[in-house]
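Residues per chain are reported as follows:
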Amino acid sequence: MAKGTVKIVVERCKACGFCVEFCPTKVLALSPAFNSKGYHPPHMVNPEKCSGCDLCGMYCPDFAIFGYKVGEKPAQKEAVHES
Amino acid sequence: MSEVDFECAECTNPVEPFLRSERMPHIWCPGCGIGTTVNCFTRALIDSKANLEKLVVVSGIGCTGRVAGYLKLDSFHTTHGRAIPFATGLKLANPKLTVVVYAGDGDLSAIGGNHLIHAARRNIDLKVICVNNLIYGMTGGQTAPTTPEHATTSTNPYGTFEPGFNLPHLVDAAGAVYVARWTTFHVRQVARSMQEAFKKKGFSFIEIISPCPTLYQRRNKMGDGLDAMKYYKQASKVKNGAPTGEVGLTKTGEIAVGKFVDRDRPDYRELMVHRFHESLGDEYVETGELVCS
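In this report, the structure presented in the accompanying data block is examined. Note that residues are indexed from 1 along each chain, following the sequence as it is written. Starting at A for chains and at 1 for ligands, labels are handed out in the order in which the entities are written. Note on the predicted model: pLDDT of at least 70 is required for a residue's local features to be given, and 80 or more for side-chain atom pairs to be given and counted; whole-chain, interface and lining totals, by contrast, use all residues. Excluding hydrogens and water, the side-chain values take into account all heavy atoms of the structure.

Okay, the overall build of chain B next. Note on conventions: DSSP H or I runs of at least 4 residues are helices, E runs of at least 2 residues are strands, and numbering of each starts at the N terminus. Per the secondary structure count, chain B includes 10 helices and 8 strands. In terms of principal-axis extent, the alpha carbons of chain B reach across some 65 × 55 × 35 Å. Within the span of chain B, comprising 293 residues, buried residues form 55% of the whole. In this analysis, two residues are considered to be in contact whenever any of their non-hydrogen atoms come within 4.5 Å of each other. Within chain B, contacts between residues at least 6 apart in sequence are counted, and of these 68% link residues at least 24 apart. Accessible surface, chain B as shown: approximately 12500 Å² in total, 54% of it carbon and sulfur. Of note, chain B has its 32 positive side-chain charges centred 4 Å away from the centre of its 30 negative side-chain charges. Relative accessibility decides the category of a residue: with a 1.4 Å probe and only protein chains considered, values under 20% of the type maximum give buried, values over 50% give exposed, and everything between is partly exposed. Here the Shrake-Rupley method, with its probe set to 1.4 Å, supplies the accessible areas, and only the displayed protein chains count as covering residues. Asp and Glu are treated as the negative residues and Lys and Arg as the positive ones, with His and the ends of the chain left uncounted. Where a charge lies is defined by one atom per residue type: Lys uses NZ, Arg uses CZ, Asp uses CG and Glu uses CD.

If you want it as structure tokens, here you go:
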């Protein structure tokens, strides 16, 4: 049973491949599908291996992916500052 | 069994509340490292529980300069090279603010080079984050002061022949109290370094080497952003406390990373207040914080 999972915003992805390359447990791969800009966003090929470490979220330059552990909400900023 | 088993609808990307999402997607190229540094910055803000009401992000012009526009914080996008002077004014008028300068290598060390040196010399309490992509990105790949020797750029098609700046050495010599260098591969270390810098009083400087796949890596036949990241992973060597004179960058050689300088010396305001008390005695009244109404 996987300890975590990732969420992907497909439309923001620019397919740089950072998440795929640096995932410590090799959960991700670039999918053959396209997003509307013509990039191949990642998808989970080994979802059971995901530890929810959020390293993909740290690397993603396009803010398109993040990981979280099962039953745990990712740390958030405490009060959203309204402009 | 699938990932749907523990779908968490209310879980959102930790970086999301810090972004002006109406401006997404950003203009940075695929494989550019600036977004990665923004992730590190927001994680550092969350982990250090920084008071966002007292935090300001100032940036100059360039690809990295756009960070101020994308962050949903009190941020200001200044003229070219003048991020540090603007931040200096902010900090002196409102000493309780935490002022972060987020700028690129060209903006900080070329156009605003003098400001960088003098802010470090005066030890003004600024947190300077320098995203160094070794080239002028937004204007078309001209040679920057940080471009390593032999790198091909649009203004040096036969290879750069001038020696580049070693930024940690420059700010260390000028008097910065905290100097670190990481690459975009070292995300956790960057976030930790930023947290350390938030706690430090004085001029803190964090250099983050970042890929510029469109102009630097492509022209130098070094692949794309991912290849640059693999190179950072393989070529970087942690040298905490290394003499900054020995950490210069070369085109394909080792990248010395780590925390090079961590020292304490009185900052500009402390010295100013001390001097005024000394010469004016009781006549001097500290103004404290300016309040905008």
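Counting its secondary structure elements, chain A contains 2 helices and 4 strands. Scanning chain A from its N terminus toward the C terminus, one meets helices and strands in the order β-α-β-β-α-β. For chain A, with 83 residues in total, the buried portion stands at 52%. Nonlocal contacts in chain A, meaning residues at least 24 apart in sequence, comprise 53% of its contacts between residues at least 6 apart. As displayed, chain A offers around 4000 Å² of accessible surface, 59% of which is attributable to carbon and sulfur atoms. With 10 positive and 8 negative side-chain charges, chain A shows a separation of 2 Å between the mean positions of the two kinds.

Quick look at the interface of chain B and chain A now. With 48 residues of chain B in contact, the opposing surface of chain A contributes 41 residues. Once two parts are brought into contact, the accessible area they lose, counted with a 1.4 Å probe and summed over both, makes up the buried area. Buried surface at the junction of chain B and chain A, both sides included, amounts to about 4000 Å², of which 63% is carbon and sulfur. We define a salt bridge as a side-chain nitrogen of Lys or Arg found within 4 Å of a carboxyl oxygen belonging to Asp or Glu. Seen at the junction of chain B and chain A, the total is 3 salt bridges. Notably, a salt bridge pairs Glu16(B) with Arg12(A), separated by 2.8 Å at the nearest N-O pair.

Now for the state of the cysteines. Each disulfide consists of a covalent bond between the sulfur atoms of two cysteine residues. The criterion for a disulfide is a pair of cysteine sulfur atoms lying within 2.5 Å. Under the criterion given, the structure shown has 0 disulfides over all chains. No disulfide involves Cys32(B); its sulfur sits 6.3 Å from that of Cys29(B), the nearest cysteine.

Right, let's get into helix α9 (residues 225-235) of chain B. Burial in α9(B) covers these residues: Gly225(B), Leu226(B), Ala228(B), Met229(B), Tyr231(B), Tyr232(B) and Ala235(B). Two N or O atoms form a polar contact when they lie within 3.5 Å of each other; inside protein one atom must be a possible hydrogen donor and the other a possible acceptor, and for residues adjacent in sequence the pair counts only when both atoms belong to side chains. The distance from a side-chain oxygen at the start of α9(B) to the backbone nitrogen of Leu226(B) is 3.2 Å, and the residue carrying that oxygen is Asp224(B).

This model, assessed by the stated rule, comprises 15 salt bridges over all chains. A salt bridge links Asp62(A) to Lys14(A); the shortest N-O distance between them is 3.2 Å. Here Asp62(A), found in the loop between α2 (55-59) and β4 (65-69), pairs with Lys14(A), found in the loop between β1 (4-8) and α1 (18-22); they are 48 residues apart in sequence, far enough to count as distant. By the burial criterion, Asp62(A) is buried, and Lys14(A) matches it. Because the salt bridges share partners, they merge into one network encompassing Glu196(B), Lys200(B), Lys259(B), Asp262(B) and Asp264(B).

Moving on, we come to the packing of aromatic side chains. Residue and element names in this part refer to chain B. For Phe, Tyr and Trp, where Trp contributes only its six-membered ring, two rings pair if their centres lie within 6.5 Å, and the inter-plane angle classes them as stacked under 30 degrees, edge-to-face over 60, or tilted in between. Summed over the entire model, instances satisfying the criterion amount to 10 aromatic pairs over all chains. Ring plane angle 45° and centroid distance 5.8 Å describe the contact between Tyr231 and Tyr232, whose orientation is recorded as tilted. Of the two residues examined, Tyr231 and Tyr232, each falls in the buried class.

Right, let's get into the packing of helix α5 (residues 113-122) of chain B against helix α6 (residues 167-174) of chain B. Residues and elements named next belong to chain B. Structural elements are reduced to axes, namely lines fitted to C-alpha atoms, with helices fitted over the stretch in contact, and the angle between N-to-C directions of any two is expressed from 0 to 180 degrees. With their axes 7 Å apart at the nearest point, α5 and α6 run at an angle of 45° to one another. Comparing the axis directions of α5 and α6 gives the class oblique. In contact with Leu116, Ile117, Ala120 and Arg121 of α5, α6 contributes Leu170, Val171 and Ala174. Broken down by class, the residue content of the contact of α5 with α6 amounts to 6 nonpolar, no polar and 1 charged. In these notes the angle categories are as follows: under 35 degrees is roughly parallel, over 145 is roughly antiparallel, 65 to 115 is roughly perpendicular, and the rest is oblique. By the convention adopted, Pro, Cys, Tyr, Trp, Phe, Met, Ile, Leu, Val and Ala count as nonpolar, Lys, Arg, Asp and Glu as charged, and the other residues, Gly among them, as polar.

By themselves, these figures tell us nothing about what the structure is for.
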